[in-house]
Amino acid sequence: MPKDYASIFIIGAVIALAIIAMSLFYLLRAVKRAKEIGISKDKIKTAITSSALFSIVPSIPIVIGVGIMMSFLGLAIPWIRLTVIGALQYEIIAMDQVEITKMAVITEPMVATALIIMTISIVSGPLFNLFFYEKFKNKLVDLQNNNKRLLDTITGSLLGGILAGLASYIIAAAIFAPKATPNPDAVTVTANGYITLITLAISMAVMLFCGLLIKLFKWKWLENYALPITIIVSIAAAYGLSFVPAFA
Amino acid sequence: MEEKNDINVHNNDFFKSQHRYGRIFTAICLFVIAMVPVIYCLSAGVMPEWKLILSSWSFILSYLAIGLIEAISFAPLLGVGGQYMSFITGNVSNLKLPCALNAQNILKIKEGTEESEIITTIAVAVSSIVTTIIIAIGLIPLAIFGGDIVKVLEPVTPYVIPAIFGGLGIVLLSKYFKLTIIPLAILLVVCIVTFSLGMDLGQSTMLTVGMVVSLITGFIMYRISRKKEAKKAG
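Computed from a predicted structure; not experimentally measured.

Cut-off values and rules
- Numbering of residues begins from 1 in every chain and follows the order in which that chain's sequence is written.
- As they are written, the chains are lettered A onward and the ligands numbered 1 onward, keeping that order.
- The predicted nature of this model means local features are confined to residues of pLDDT at least 70 and side-chain atom pairs, given and counted, to a pLDDT of 80 or more, with totals for whole chains, interfaces and linings taken over all residues.
- Side-chain numbers here rest on the full set of heavy atoms in the structure, without hydrogens or water.
- One speaks of a salt bridge when a side-chain nitrogen belonging to Lys or Arg is within 4 Å of a carboxyl oxygen belonging to Asp or Glu.
- Numbering of helices and strands starts at the N terminus; helices are DSSP runs of H or I of at least 4 residues and strands are runs of E of at least 2.
- Working definition: with a 1.4 Å probe on protein chains only, accessible area under 20% of the residue-type maximum means buried, over 50% means exposed, and in between means partly exposed.
- Any two residues whose heavy atoms approach within 4.5 Å are treated as being in contact.
- Buried area, as used here, totals the accessible surface that two parts lose on assembly, with accessibility defined by a 1.4 Å probe and the loss added over both.
- Nonpolar residues are Ala, Val, Leu, Ile, Met, Phe, Trp, Tyr, Cys and Pro. Charged residues are Asp, Glu, Lys and Arg, and all others, Gly as well, are polar.

Caption draft 1: Here's a closer look at the pattern of salt bridges. Under the counting rule described, the total for this entry stands at 10 salt bridges over all chains. Between A:Lys43 and B:Glu115 there is a salt bridge, and its shortest N-O distance comes to 2.9 Å. Of this pair, A:Lys43 sits in helix α2 (residues 41-73) while B:Glu115 sits in helix α6 (residues 114-145), which puts the two residues in different chains. Judged by relative accessible area, A:Lys43 falls into the partly exposed class, the value being 23%. On the basis of relative accessible area, B:Glu115 is assigned to the buried category, the value being 5%. A salt bridge links A:Asp152 to A:Lys148; its shortest N-O distance comes to 3.0 Å. One end of the pair is A:Asp152 and the other is A:Lys148, both in helix α8 (residues 148-176) and 4 residues apart, which spans about a single turn. For A:Lys148, a relative accessible area of 25% translates into the label partly exposed. Beyond isolated ion pairs, a larger network of salt bridges with shared partners links A:Arg33, A:Glu36 and B:Glu114.

The structure is reproduced here in structure tokens:
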């Protein structure tokens, strides 16, 4: 594992603190504004608790991602990279531009090179926000005022597109995964197609079941927990299935 | 009390200052993020291999393009505060956006209202804080146990996205069935054809393609319904 420098941990702490400061600042402003425009305390509380609860389980794979990357980049750099913009899949492809995962000995110039590629490649989103987002957002607001139906169609289409893009990729990749030859050089665990499809089906079924319980028994409290419960049950099922010899 | 569903409120001082502070935080965070490689090179006393960086230009350009498309595409969905935070903290499609949609769905918020902007901002802010803290805490077992803990938990990592999007998919399908079902069918065919040809376009590319195809089909459906309405009126 490459050497970790105290200076990188210090700048990592600065980044983590800056992110928490930014988030706290926006959170407090949003809560204040919510009260001004008459959003009830209960709604604010529900938004906070449901979001906190929802974020716990999907955050754990990010920690695992830090663990996967640490053998190539040390502990501090993956921590920083996965705390800021980007995601594990992107970071691994980016760092592998210098073929770092295939090297028997990882040198410091290689780590520096990988780090620069990872940093440069993801700046377009924040740069867009810095220079163009306000103008773009104002155009969207104009569109909303002049043709709300068209903006609703655009919003619905984007959400539908995210679902369509991800679902089609997950399903097709799962169908073809059992036939694919496992890559011995792969850095991350390769998904088993059958487990992916079963996880997807369990997640859909649990959500439908929660919806049914909410409707039949008027369990409004369950609305806050339906998606976190769905995620936990389906991940637990996937974890159990990963030990079944038939899926190995 | 101001009207929480008034769509003109976006032009008020609150939203102008949301943008101003967003730009300030983005500039600060970008600067600190850009300093990481500089500090690493100074600490290690090494220089990067510039030739390797230059030879990665096609990768860098393609990811810059994907990042730009994502920032534009997610803009109508994340709210002002949510957009600035999401494009600093990352994990947008697999964490921040589903978290915001979950909060909106639970509270039955109407999209495009100031209420939706505020709730989305709260959701993304809370999610960013929780994730940042969990990752920082996660460093402790990683430092102590190293790769052993990763080996125990790693088998679940490929299944987190299907676990989130199965349940969330039901919510989105119930809300936007007409707008989702046609692009889903088209993209499923595209994915099956590309995979059978031995090509893996990757999840982030399919996400972008999905949004483009969905926008085209959504716009066609919008035009058709407008024409039908005009015929009825005429």
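Caption draft 2: Quick look at the interface of chain B and chain A. Each partner contributes residues to the interface: chain B has 153 residues there, and chain A has 143 residues. Carbon and sulfur atoms supply 76% of the area that chain B and chain A bury against each other, a total of about 13,800 Å² over both sides. Looking only at chain B, the three residues that lose the most surface to chain A are B:Tyr40, B:Ile135 and B:Tyr159, adding up to 6% of its buried area. Counting the contacts that link chain B with chain A gives 6 salt bridges. Residue contributions to the side of chain B that touches chain A peak at 25 residues, all from helix α8 (residues 160-196) of chain B. Looking at the side of chain B that touches chain A, its residues break down into 97 nonpolar, 42 polar and 14 charged.

Caption draft 3: Structural view of the environment of B:Leu95. Tracing the sequence through the fold places B:Leu95 in helix α5 (residues 92-107). By relative accessible area, which is 1% here, B:Leu95 ends up buried. In this structure the C-alpha to C-alpha distance between B:Leu95 and B:Gly234, which are 139 residues apart in sequence, comes to 47 Å. If we skip the residues at most four places from it in the chain, B:Leu95 touches A:Phe54, A:Ser55, A:Pro58, A:Ser59, A:Ile62, B:Ser127 and B:Thr131.

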